[in-house]
Amino acid sequence: MATSRLDRPLVARTALRLLNDVGLNGLTLRAIAGELGVKAPALYWHFKDKQALLDEMATEMMRRMAADFPEHPPEDWREALTTAMHGLRDHLLRYRDGAKVYSGTLFTDTTYARPMEAYLNTLVTAGFTPRAAGRAWATAYSYTIGFVIEEQSTTRPGTEETGLDLDARARRLADFPTAAAVGHEIFTHQDEGFATGLTAVVAGIGATLLDSGPNTA
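Note that the structure is predicted; figures quoted are calculated from it, not measured.

**Structural notes on the nonpolar core**
1) Next: Ranked by internal contacts, the top residues of the largest apolar core, which has 59 residues, are Ile32, Leu43, Met57, Met85, Tyr102, Phe128 and Ile205.
2) Next: Mapped onto this core, the elements with two or more residues apiece are α1 (8–26), α2 (29–36), α3 (50–68), α4 (77–92), α5 (98–102), α6 (113–125), α7 (130–154) and α11 (190–209).
3) Next: Once you skip the residues sitting within four places of it in the chain, Met57 turns out to touch Ala12, Ala15, Leu16, Leu19, Leu27 and Val101.

**So, the packing of aromatic side chains**
What characterises a pair of aromatic rings is the spacing of the ring centres plus the angle enclosed by the ring planes.
1) Next: Throughout the structure, instances matching the rule amount to eight aromatic pairs.
2) Next: Measuring from ring centre to ring centre gives 5.4 Å for Tyr143 and Phe194, while their planes differ by 15°; the resulting arrangement is stacked. Placement of the pair is Tyr143 in helix α7 and Phe194 in helix α11, with a sequence separation of 51 residues. Like Phe194, Tyr143 is buried.
3) Next: Ring pairs connect the aromatic residues Phe69, Tyr119 and Trp137, which therefore count as one cluster.

**So, the packing of α4 against α11**
1) Next: Between α4 and α11, the shortest axis-to-axis distance is 10 Å and the interhelical angle comes to 145°. When you trace α4 past α11, the crossing you get is right-handed. For the pair formed by α4 and α11, the contact residues are Trp77, Arg78, Leu81, Thr82, Met85, His86 and Arg89 on the first element and Gln190, Asp191, Phe194, Ala195, Leu198, Val202, Ile205 and Gly206 on the second.
2) Next: Here the residues of the contact of α4 with α11 sort into eight nonpolar, four polar and three charged.

**Thoughts on the environment of Ala33**
1) Next: As for its placement among the helices and strands, Ala33 is situated in helix α2.
2) Next: For the pair Ala33 and Arg5, spaced 28 residues apart in sequence, the C-alpha separation works out to 13 Å.

**Some remarks on unusual backbone geometry**
1) Next: The phi dihedral of Asp97 is positive, around 60°, even though this residue is not glycine.
2) Next: Counting through the fold element by element, Asp97 comes out in the loop between α4 and α5.
3) Next: Residue Asp97 is classed as buried on the basis of its relative accessible area, which comes to 16%.
4) Next: One non-glycine residue, His189, lies in the positive phi region at around 55°.
5) Next: Locating His189 in the fold gives a position in the loop between α10 (183–187) and α11.

**Remarks on the UniProt feature "domain: HTH tetR-type" (unreviewed entry) in the protein**
1) Next: Sequence positions flagged by UniProt for "domain: HTH tetR-type" (unreviewed entry) are, in local numbering, residues 5–65.
2) Next: The span residues 5–65 is 70% helical and 0% strand by assignment, and the distance between its end C-alpha atoms comes to 26 Å.

Thresholds, definitions, all that
Residues numbered from 1 in each chain as written. Predicted model: local features only at pLDDT ≥ 70, side-chain atom pairs only at ≥ 80, totals over all residues. Heavy atoms only, no water. Core = buried A, V, L, I, M, F, W, Y, C linked by side-chain atoms within 4.5 Å. Buried < 20%, exposed > 50% of the residue type's maximum accessible area, 1.4 Å probe, protein only. Helix = DSSP H or I, 4+ residues; strand = E, 2+ residues; numbered from the N terminus. Contact = heavy atoms within 4.5 Å. Phe/Tyr/Trp six-rings, centres within 6.5 Å; stacked < 30°, edge-to-face > 60°. Axes fitted to C-alpha atoms, helices over the stretch in contact; angles between N-to-C directions. Left-handed = near helix turned anticlockwise from the far one by under 90°. Nonpolar A, V, L, I, M, F, W, Y, C, P; charged D, E, K, R; others polar. UniProt positions renumbered as here; feature names shortened; annotations may be inferred.

What follows is the structure, encoded as structure tokens:
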């Protein structure tokens, strides 16, 4: 198969589809090439290494995410930030190891800029300085990415069930009863846990960043 028929978005879409079957550790250029019906060297015309491919995969995820974001976020900054982070989590959970793929990558286009600009402007309009708005966004974003990485690392692929033996965990921690007791809170009911934690994060953002000075850079 001629390499001219391949392009970066096609390879990225194929990789994302394969990701759900094999996970990040099993996602190799050789496996992707096999899915496309080409030899692995054909992919090196488009990606110098696996990290470059992950950058394009994250960008493709962002393209799909951006298409679902409303053009105009909710006017209330708390609702806007909360909605954005729930949307981010929902998209990351569509892919096995989605948060690990997405985090630490460099987007290959500016698809992310339109929704980010809209949500940052909502924060600035509410009284955040641009710097504080950026810190607010980064804080909520980091919470969401970290939560989903942990969630996907401890949940059986394709299910909402934890892969951990929580009873065995509790027995190992018998001398530490509080630590033992919180296992079910931490590792189950992830939707509720994420929402509760995000509410705390947003409240903290309002308490520490909203009154951070004049509305200037």
